[in-house]
Amino acid sequence: MTTIYLIRHGQKEIHAGNPGLTKIGVTQAKETGVYLSQFPISKIISSPTKRTIETAENIAQVLNLPYSSDNDLVERMDWIDPSVSRDEFLQEWVKSTNNRDYVPKYGDSSRDAGKRVGKLINKMTTDNHIVLVTHGGAILDYLRNLFGDKRISALRKHYNAGDDYQMNNCAINKVILDDEPTLELLNFIEHLSNNSE
């Protein structure tokens, strides 16, 4: 049996490119590490973006463990090009959320992003507790592939750009992979001192 803790990165700076964490995001990551210290975590793997690396670093410091990064944990699509407006990026994002096979201009389809995360998880050895620090979209894409939309429907919200799923900063999603996968925690943020977002 393998237990996977899918952690969304902490609060990030809002700009195109490769933003890092805000001060709040650093605090969120440290608090996440404190919460995870009750489990026998054996490995921490992060997406290679600045915000996920900084989140993994802070969790790893608390747990006194090393961490590594893996490209399979990158987000479905990232707002990298500052010449692309945030509105244009969000329109592509929402379109790819609602049509899981749509390949957006700036990344992967939702279904393929979930498969990519699943491929990495399937390579993990059994009987471990593994932390994966990644992105809200990538986590939801994986969970949608594994459990279907109905299981995570409470996270679906309507925004100005359309319907999407909301995953909070440093939310913990605990998946137990046994004969039948179990979703034990979904968008869990009770470990955070400022969990209003």
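In the block above lies the structure referred to throughout.
Residues numbered from 1 in each chain as written. Predicted model: local features only at pLDDT ≥ 70, side-chain atom pairs only at ≥ 80, totals over all residues. Heavy atoms only, no water.

Participant: Whenever I open this one, the sheet that holds strand S3 (residues 68–69) confuses me. Can you help?
Facilitator: Two pairing modes exist for strands in a sheet, parallel and antiparallel, and in both the strands are linked by backbone hydrogen bonds. Taken in spatial order, the 6 strands make up an open sheet running S3-S2-S4-S1-S7-S8, and their pairing is mixed. The sheet is open, and its two edges are formed by S3 and strand S8 (182–188), each paired on a single side. As paired strands, strand S1 (residues 2–8) and strand S4 (residues 129–134) are joined by 6 bridges and run parallel to one another. Paired with isoleucine 4 across the bridge in S4 is isoleucine 130. (Pairing = 2+ DSSP bridges. Helix = DSSP H or I, 4+ residues; strand = E, 2+ residues; numbered from the N terminus.)

Participant: Teacher, can you tell me more about the nonpolar core here?
Facilitator: The nonpolar side chains of soluble globular proteins are, as a tendency, buried together. Judged by nonpolar contacts, the single largest core of 27 residues is most densely connected at Ile4, Leu6, Ile121, Leu132, Tyr142 and Leu143. Elements with a contribution of two residues or more to this core: S1, helix H4 (110–122), S4, helix H5 (136–147) and strand S7 (172–177). The element best represented in this core is H5, accounting for 5 residues. Aside from chain neighbours lying at most four places away, what touches isoleucine 121 is Ile4, Leu6, Leu132, Tyr142 and Leu177. (Core = buried A, V, L, I, M, F, W, Y, C linked by side-chain atoms within 4.5 Å. Buried < 20%, exposed > 50% of the residue type's maximum accessible area, 1.4 Å probe, protein only. Contact = heavy atoms within 4.5 Å.)

Participant: Help me understand the packing of aromatic side chains in this model?
Facilitator: Each pair of aromatic rings is reported with the distance of its centres and the angle of its planes. A full pass over the atoms with the stated rule returns 5 aromatic pairs. Ring centres of tyrosine 35 and phenylalanine 188 lie 5.2 Å apart, and the angle between their planes is 40°; on these two criteria the pair is classed as tilted. Of this pair, tyrosine 35 sits in helix H1 (residues 23–36) while phenylalanine 188 sits in strand S8, and the two are 153 residues apart along the sequence. A relative accessible area of 21% places tyrosine 35 in the partly exposed class. (Phe/Tyr/Trp six-rings, centres within 6.5 Å; stacked < 30°, edge-to-face > 60°.)

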